[in-house]
Each structure stands twice: as C-alpha cells, then as structure tokens.
Amino acid sequence: MSEARYPFLADLTFEALFISENGICLNQNKAAEEMFGYSLDEAVGKSNLEWICPDDRALVAEKMQQDVATAYECRALRKDGSTFWAEIQSKNRIEEGRKIRITALRDITDRKRAEQEMQRSSNLLRQAEKIADMGSWEWDIANDIVHWSDGLFRIFKRDPADGAPNWSKLPDFFASEDFERLRPLVEDCIKTGAPYECELRAIRSDGERRFCIAKGQAEWSPDGAIHRFFGILQDVTERKRMETALLESEERYRLMVETAMEGIWTIDLKGNTFFVNQQMADMLGCSIEEMTSASLFDFLDPRQHGQARDSLNRRESGVGEVAERCYLKKDGSALWALTSISPIRDRDGRVIGSMGMITDITRLKEVERKLNAAVVDLELAQRIAHIGNWTLDPAVGVPVWSDEIYRIYERDPALGPPPVADYKKMYAPDQYEIFHGAIQSAIREGKPYDIQLNLMLPGGNNKWIHAICQPDPTPGSADHFLRGTIQDITDAKEAEEKLQDYSHRLEEMVEARTKALEDAQAELLVKERLAVLGHFAGGISHEIRNPLAAINSSAYLLKLKMEGADKSVRDHLGRITSNVRKGAAIIESLLNLSRMEKPRTVETDLMALVSKTLRSAKVPATIEACIDAPDGPLWVDVDPEQIRMALENIIRNAVQAMDGPGTLSIAARPSGAGEVEISVTDTGPGIAPNHIEKVFEPLFSTKTHGIGFGLSIVKMIVENHGGTVRAESEPGKGARFVIALPLSPPPGS
C-alpha cells in the first residue's frame, strides 16, 4: 500500500483501523494489533470476517456490500478465541482505480455492560414498586412536565398512554378534602424545600378509593433555586384494613378467653398464678379467687412436681411444649388434662411466665385403655387373615412384595420377588393361564381383577390364594401401575364347612371392637378433638391402621363367601367395612396434624409430584380425573411429602363433594409473578357463599363425617412454604381450590 493511503487512517476516530480490498486485509494500525492480538504480518491477507464471531459474520458480510458508512454493532473475535462487543463503521474509497474499504472498529464492551446493568436496575425498580404497591413521580417545575413510573399508573388504574397529569389536573385524582391538605404541603415545599409526608385517598379510574401515603422532596439547582420535585405514592389500603381487623380481633379474643371450652391458666416462672378463666376454675371445682391466690403446685399431683419444675426451667429459655398432666380437683379426684404451654414475654422480649391451654382428657384416658385392648385383638385378626400386599411397575417388570406374601409363597425374602415370567413355575397349568391373562389385561387395559388361584409351590405344597388387583394409569405410558393383595385361603378351601362358625365368631368380635372404635371416635369428635390430637396420633396411629386394614380385608372375604346369608349378616359386614374406613381416615387426619414440622425443602419438579399424588389418590372409577399442565417441569423449592399431603387432602375433598360421577381437573401454570398456581376443580354441588370464608378454619366441616382438619392442614402447609391457598365456588357449579407457590430456578441454572 502506498504512503498516500496512511492519512486515511488518521481521519477516522475509531480505535482499531483496517484497510482491505475485496474483503482481504491490506493493512492495520497498532490499536488493531493490540485489540485482536494479530501482528501486521499475520493480519495481512486474512479475510475481514476472521475478526468476527461466526454467528455475526452474515451481518458483517451484508454490511460490507453496502457503501454506507453507518455504524453497527456485532461481536468481534480475538486471536485467543475470546470475544467482545464492537461498533463498526466502514467506507469505500477509490484509489488508483482500486476499490479500497477503510474500516474502523471500537471496543464497546463496557458500554454494553452499562446498558445491561441499567436495564437490570430499571427492571428491579419496577419489580420493587410492584411488590411494595408503590409508584414514583418527577415534576419539572419550570416546564411543568410530570413523569410517572409504571407503579403510579397501576395504583390509579390509568393507561400509561394517556400520560401523567400536571399539577392543575391532580385534584381529580384525590379525594377533595385530602387534596386540600396536600396542596399547602406542596406549596410550602416549593417555597422552602421542606419535604412532606401525608396520608390521603387516591381515586382510581373506576372510582374506587385507595388509602395511600404520599411523600415528596425538592431538588435544588446549582444557582440555589428549586427546579424539580421527586416523590412516591404507596398504596396502604390493605394495611389499613388489617389495622381495622386487628382492633376487631382484640375484642373477639377477649370473648374467646371468657367463653373458651378449654381452661386458660397463666403463671409466673415460680408457678404462682396470674390469671385463670372461669372454665379452668370449673374444671378443678374452685372459684377464680381461690386459684389466683394459689400456686400451680397446689393443684398438681405430687408425683408430677419434678416434671413441672423442669418444664418451668425450659420456659425461661423460651421453649413451649405440650404435656399430659394430672391435676387434683378440690374434692381430691384426679383431672387428666392435655396442657399446651407457651412462654409469656414482656415488651423487651424477656420470658416472664407461661400460659397453658388445658383440655380435660380424663374420659379419653379410659378410651385409650380400651383401644390398647382392641389393638391386641386386631393384631390377632391380622395373623388369622394371612393377607399380604404387592405392587408392580410394568416398566421395571419385578413386583414388590410385603413379608406376608413371601410366607405365602414360601420364598426367602433375601431372594426378592421373582419376575412375572417365573410365576409359571408356581401355578397349576390351567391356573397360570388365568393369572397371566388377568395380569396382562390389568397392565394393558387397566382392568381390575378379583380371582382365586391354586399354587403348586416348589417345595411340594398346594395352596389356594385370593388375589385382588387395582390398576392405576401411568402418565406417559399406555401401561398401568398395579396394586393388589394376596390372601392365603387354603384353610378355607380345605374346611369350607367350618367357615360359617368362624365367620359368626369373627363377626361378633369385629362388631364389638368396631363399637369400641365408634365410641372412641364419637368421644374424639364431640368432646376431646383438640386435646388428644398430637398424643393420640403420634402414639397409636401405626398400631391401629394395620389392624384396620386386616379387618377390612377379612370383612371383604366374608362378604364374598356369604352371598347367600340373610340381610342382617350382610348389613353387619357392610357396617364393619364402612366404619373401618372412617376410623382409618380419622387416624390419617390426626397423624397428618401431629407430624407437621417445618418444611424440609428440596428442588422438586412440581408436575411429577402432582402426577404421583393423583396416581396414589383414591379416585373412584366413576370420576374422570385429568391434568392440564406444561410439557416441561415446574421447579419449586418445597417439602415434597407435605405438598403431597396438601394435594391429597384437596383431592379427597373434591371426590367426597361429587359423591358419584363427575370430573376432577388439576391444572398447573406459572402465574407470571414468580409463582406457580395449582388448581383442583370438581363438578360437585359447590360451596355455599356463607361457608366459603370458613372452609380453612379448624374443626369446620359441612360433612357428616371427618373432623374438619383437612383444609386447615392444607392452609398450614402452603403458608409454611411462603404460598397461599384460596377457595372459589359458585353453588351448583362445583368448587375450585387454588394453591400458589413460589417458583425456583431449575437445578443447575
């Protein structure tokens, strides 16, 4: 290149300069060498596109064909493979009959980073305003130009396209008396620069009034004059409503203390009485005056004094607890009570005493004794029934057996269950065909079966079994997940004539124990619900649920074998089955409440959890269940077991509400506010308007069975996860429950 061309390098103002012909580099300046890492010898002869990232080369090639010196942006590529944002401007020049292109390139990485940071800050501000129900404004006084943030338009429900109003139009945006209080504050701020703050009512475009806090301050120009104002407006309507509700709730709490069915007892750290309500005094057969002049230890069984002193010591550390206590009434008789104890703090946060909620469980102690006796008999019934359970995932091909099935099949549990294909060795030839056909129909078509089969075991023993299977759909597969039970009925087959006598004796035993359970349930539901929840559920739930399952299976077998029995016998068997189910449901509700802990959250695919929950839920065949959700996962940071429990409670309520044919719909979608909403909709009779606000309250229920804790548990679980739950319904058109949970980034993002 001739020396005459060098002046063109100085004419351009970009940092890196290139001279090229037909897209091939002829020369570059020192800045280009430093910017890209290529020496002049290395650069000469290279294509201009080798300095450009592959994804942007088409754009640069198109620009190189144009003779317009318009600047544009692209990503440049250094010799070491690193990239950066660059601004490019090129111009063609004819020299000595040759078309020479001069290109200037500037590193704009810092500028792009600043633009991105500015955009991020702007987005954060908009999000902060939305979260805080707040908007900001700016007023250029000299030019009477006002700017509103998006949050301010949202508060007033105004269209941003209409622009922000100036000072003369502001009276239309506030209650007249409130604006008259605002006007002198603004005028004083204009004169003196004094900031202001006041509460006023904003008027939205639809006429709704919202309580707001307005703050403003002035900005001084270098010559000492006030030339601009800045301010914020925060919507505090909900806070105002909460303040009003708080005042109303204080009165309600006073009435609750005076009318509570539980005893309320407050003491200092030494056990001296501060306060008791009338119910507490009545429980012990004393007057309020007699109790307030006495100590806790004056009414406590002497054998529990040591435990009570340890409890008071724990209270000084701010620890609450629930304990069973035996108190002595004025007449000397014993009062067993469940006592929920909480620390009392002064305004500085120091513990100064304890408050106890005392519930009489004297009768329940007797019920507990009876239930323990029933457990022994129920365990005997389970051993007599010889029933085991199993599951089969077709994708795995190997079933999962309970211990009882290993005993029935005389197989070592260490070997695990055999594959389905090996079952042929354990059945008589004609029996295997029945078994194989039933299994295949269950897997492929979802058909349940209830059959009796003859086993020919490898050890030479011949047994009869009663096999029941219930298929469940598997999302994403045509096959079905199988659950079932197997009962050894060999003795029944060999001694059919003895079954009637055995059935009669078992009926009497089960009826007697069922009556005991019914009495216990009635006591629990009507008189002692809140007192026994934690102790009862944690202490005996496991010991009762397994026996109940055995009774239920035994009753089912008897019903099959006694189809010709008289109506009285059949009615009794139906009663057994119905009440066993009731007992199991109550125990499950109590257990759920007693074991509720702080969520142990993990990154969880919500859709997989919803699908799994629906598969495990007991949805009758008369109800069509469907899921409407995105194809991909929805990640949430939750305790999977607790969320599963909440969903199961809502699904169970929906199924019970429909009480027959209907549709159960589950939908999940991101809400657009960093949350995901899961809705469960049924086609039942709906919820009465006067009940919609009460459905999440403990002990509230419109059903003839249950104890009204299902939806209370749902609300507690969801709120412990930082979410919300609401109920929607139009009577006669079903009900819809919506859970909102915070979304979390996908794992590894």
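Above this text sits the structure in question.
Caption draft 1: Geometry of the overall build of the protein. If you tally the helices and strands in the protein, you get 21 helices and 27 strands. A total of 749 residues make up the protein; the buried ones form 41% of that total. Long-range contacts, defined as pairs at least 24 residues apart, comprise 54% of the intrachain contacts of the protein with a sequence gap of at least 6. Carbon and sulfur atoms make up 53% of the accessible area of the protein, which amounts to about 40400 Å² in all.

Caption draft 2: Structural context of the side chain of Ser-90. The topology assignment puts Ser-90 in strand S4 (residues 83–95). Given a relative accessible area of 6%, Ser-90 falls into the buried group. Looking at Ser-90, its side chain comes within polar contact range of the side chain of Thr-103, at 3.0 Å.

Caption draft 3: Quick peek at the packing of aromatic side chains. Enumeration according to the criterion identifies 20 aromatic pairs in this entry. Ring geometry for Phe-156 and Phe-173: centres 5.4 Å apart, planes at 75°, overall edge-to-face. In this pair, Phe-156 sits in helix H6 (residues 150–156) while Phe-173 sits in the loop between H6 and helix H7 (176–192), placing the two residues 17 residues apart along the sequence. Taken as a pair, Phe-156 and Phe-173 share a single burial class, namely buried. Judged by centre distance (5.9 Å) and plane angle (40°), the rings of Trp-265 and Tyr-327 are tilted. Placement of the pair is Trp-265 in strand S11 (residues 263–268) and Tyr-327 in strand S13 (residues 321–328), with a sequence separation of 62 residues. A residue is classified by how much of its surface remains accessible, and Trp-265, at 4% relative accessible area, is buried. Members of the aromatic cluster, each reached through a chain of ring pairs, are Phe-18, Phe-36, Tyr-38, Trp-51 and Phe-84. Here Lys-112 stacks its cationic end above the ring of Trp-85, 4.2 Å away from the centre of that ring. The ring of Phe-173 is capped by Arg-158, whose NZ or CZ atom sits 4.3 Å from the centre of that ring.

Caption draft 4: Structural view of the sheet that holds strand S8 (residues 196–203). What the 5 strands build is an open sheet, ordered S7-S6-S10-S9-S8; its pairing is antiparallel. Looking at strand neighbours, the two that pair on one side only are strand S7 (145–148) and S8, the edges of this open sheet. Neighbouring strand axes in the sheet, compared pairwise and without regard to direction, differ in orientation by 25° on average. Bridge count between strand S9 (residues 209–220) and strand S10 (residues 226–235): 9 bridges; the pairing is antiparallel. Paired with Trp-220 across the bridge in S10 is Ile-226. Sheet contacts for H7: strand S6 (134–140), S8, S9 and S10; angle to S8, the most-contacted strand, approximately 145°.

Caption draft 5: Inspection of empty space enclosed by the protein at higher detail. Counted by the stated rule, this structure contains 10 cavities of 30 Å³ or more. Empty space within the largest cavity amounts to approximately 270 Å³. Along the wall of the largest cavity there are 18 residues; nearest its centre are Trp-137, Trp-148, Leu-170, Phe-174 and Tyr-196. At 3 residues, S10 tops the list of elements feeding residues into the lining of the largest cavity. When grouped by side-chain class, the residues that make up the lining of the largest cavity number 17 nonpolar, 1 polar and no charged.

Criteria and thresholds
Residues numbered from 1 in each chain as written. Predicted model: local features only at pLDDT ≥ 70, side-chain atom pairs only at ≥ 80, totals over all residues. Heavy atoms only, no water. Helix = DSSP H or I, 4+ residues; strand = E, 2+ residues; numbered from the N terminus. Buried < 20%, exposed > 50% of the residue type's maximum accessible area, 1.4 Å probe, protein only. Contact = heavy atoms within 4.5 Å. Areas by Shrake-Rupley, 256 points an atom, 1.4 Å probe, with all protein chains shown as cover. Polar contact = N/O pair within 3.5 Å; in protein donor to acceptor, adjacent residues only side chain to side chain. Phe/Tyr/Trp six-rings, centres within 6.5 Å; stacked < 30°, edge-to-face > 60°. Lys NZ or Arg CZ within 6 Å of the ring centre and 35° of its normal. Pairing = 2+ DSSP bridges. Axes fitted to C-alpha atoms, helices over the stretch in contact; angles between N-to-C directions. 1 Å grid on protein atoms, 1.4 Å probe; cavity = no way out; pocket = protein on both sides within 12 Å on 5 of 7 lines; lining within 4 Å. Points joined across faces, edges and corners; volume = space filled by probe spheres on them. Nonpolar A, V, L, I, M, F, W, Y, C, P; charged D, E, K, R; others polar.

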